[in-house]
Number of protein chains: 2
Amino acid sequence: MIRPSRVENRLYLTDEQLRQGIEAMFFAYRGFTADPDRLLEDQGYGRAHHRALHFIGRVPGTTVNNLLMILGVTKQSLNRVLRSLQNDELVISKVGAKDKRERHLTLTDKGIQLEKALNHVQSERMRAAYRAVGSEAVEGFRAVLEHMMDAEMQKIYHDLKEQTK
Amino acid sequence: MIRPSRVENRLYLTDEQLRQGIEAMFFAYRGFTADPDRLLEDQGYGRAHHRALHFIGRVPGTTVNNLLMILGVTKQSLNRVLRSLQNDELVISKVGAKDKRERHLTLTDKGIQLEKALNHVQSERMRAAYRAVGSEAVEGFRAVLEHMMDAEMQKIYHDLKEQTK
DNA sequence: CTTGGAATGTCAACAATGCTGACGTAAAAA
DNA sequence: TTTTTACGTCAGCATTGTTGACATTCCAAG
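The shown structure was predicted, so the numbers you read here are calculated from the model rather than taken from an experiment. (Residues numbered from 1 in each chain as written. Chains lettered and ligands numbered in written order. Predicted model: local features only at pLDDT ≥ 70, side-chain atom pairs only at ≥ 80, totals over all residues.)

1. Observations regarding the relation of the copies chain A and chain B
- You can overlay chain A on chain B at an RMSD of 0.0 Å; the transform is a turn of 180° with a shift of 0.0 Å along its axis. On this basis, the relationship between the two copies can be described by a two-fold rotation axis. The C-alpha atom lying nearest the rotation axis in chain A is that of Phe141(A); the distance is 1.8 Å.
- Both copies share a contact surface, since 89% of the interface residues of chain A are interface residues in chain B too. (Least-squares fit on C-alpha atoms with pLDDT ≥ 70 in both. Contact = placed C-beta atoms within 7 Å.)

Shown next as structure tokens:
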């Protein structure tokens, strides 16, 4: 549980501290993607494929349009990635029953396998970091990240959390 | 399923918690880069230009090779960015006095101005997030990020901190 | 019911930024 | 001195963003 700063309501932050935060974010994100990137390279995929697999796995049956909002890229960019995943039989696209304009996306067994592998290496790094710092730090970490998101992203982030309850 | 007891050192993390951490990182990084991206677009630059400006500003007189290690890209990729920054007179490259193979990079006044503007919008978002969560959370945030970096990046990150003392 | 507009997804072409390979020049080693 | 290594530059390719054009489907106005 996060207590909003109890003593100093306004904490004084030097430019230097903020700059270190920026650099930490930059270097950490590289670490965050390093392990999945290695796995993906073996298969001839990139980060874009990872993101698609992740969120299709997270919300099975989602539409292309919904995925678009989550990922924040153009549909043309996403389409290219989805096409290759479908060709390789990692993803299945089914025309909507109600609305035939929509395509509903799900992972095949093969897709689930790769997604699991990617999720595993990424989770292990995060688990290690979490373990190293303890649970209070973890809550702080998540709190700061949440406040760094744009408002729409915060909403999507929370909706995803609800979804798996 | 066996539940490890929640003693302080021992942190039990569900798959779901780890997955949320992953997604938080993903969405937050988008927010983290959103404001600078807008500024950069106005000038016809991209994120790669931002990173170069940032670290040249941080370590004035650094060599291309040193910058390469910080950024973790190939010299060919960096070179393209540096060339455009030099053409636009944001960066100056000077042949090394001792070793003429090296180029030492510094920002021009124009370069400093743009770097300041980029740093400002990015810092403001971080400051807002920090303020919203309080100082304990901030420390947790930085601690987790640090443990998420690869070892070489941790070293570089710390060296940069020392440098400005 | 028909028709025109909005929504959804696909195809094509372009831009930014990764990458590898080839190479010139300077320094270091043999 | 000659060969090897290091540093930086130029050329070309791959991934993944972008905008534009378009076919199909749905829905709402008439």
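2. Description of the interface of chain A and chain B
- Listed as interface residues are 57 residues of chain A and, on the opposing side, 51 residues of chain B.
- In terms of residue count, helix α1 (residues 15-43) of chain A provides more of the side of chain A that touches chain B than any other element does, 15 residues in total.
- Across the side of chain A that touches chain B, the residue classes tally to 30 nonpolar, 12 polar and 15 charged. (Helix = DSSP H or I, 4+ residues; strand = E, 2+ residues; numbered from the N terminus. Nonpolar A, V, L, I, M, F, W, Y, C, P; charged D, E, K, R; others polar.)

3. As for unusual backbone geometry
Residues and elements named next belong to chain A.
- If you check the backbone angles, Glu 89 has positive phi at about 60° while not being a glycine.
- Here Glu 89 lies in the loop between α4 (75-87) and β2 (91-95).
- According to the C-beta neighbour criterion, Glu 89 is exposed, with 11 such atoms within 10 Å. (Buried ≥ 20, exposed ≤ 12 C-beta atoms within 10 Å, placed from the backbone.)

4. Considerations on the protein's contact with DNA strand D
- Close contacts around DNA strand D come from 26 residues, with Gly46(A), Gln76(A), Ser77(A), Lys100(A) and Asn65(B) the closest.
- Only α2 (47-58) and α4 of chain A together with α3 (64-71) and α4 (75-87) of chain B provide two or more residues apiece to the surface near DNA strand D.
- Of the residues contributing to the surface near DNA strand D, the split by class is five nonpolar, 11 polar and 10 charged. (Near = placed C-beta within 6 Å.)

5. Topic: the sheet that holds β2(A)
Residues and elements named next belong to chain A.
- The sheet built from three strands is open, its strands ordered β1-β3-β2 with antiparallel pairing. Looking along the sheet, the strands with just one partner apiece sit at the ends: β1 (62-63) and β2.
- Here two bridges tie β1 to strand β3 (residues 103-107), and the two strands are oriented antiparallel to one another. Looking at β3, one finds that Thr 63 is bridged to His 104.
- The strands touched by α2 are β1, β2 and β3; relative to β3, the strand with the most contacts, the crossing angle is about 95°. (Pairing = 2+ DSSP bridges. Axes fitted to C-alpha atoms, helices over the stretch in contact; angles between N-to-C directions.)

6. Describing the sheet that holds strand β2 (residues 91-95) of chain B
Residues and elements named next belong to chain B.
- Reading across the sheet, the three strands line up as β1-β3-β2 and stay open at both edges, with antiparallel pairing between neighbours. Lying at the two open borders of the sheet, with one neighbouring strand each, are β1 (62-63) and β2.
- As paired strands, β2 and strand β3 (residues 103-107) are joined by five bridges and run antiparallel to one another. Its bridge partner being in β3, Val 95 is matched across the sheet by Arg 103.

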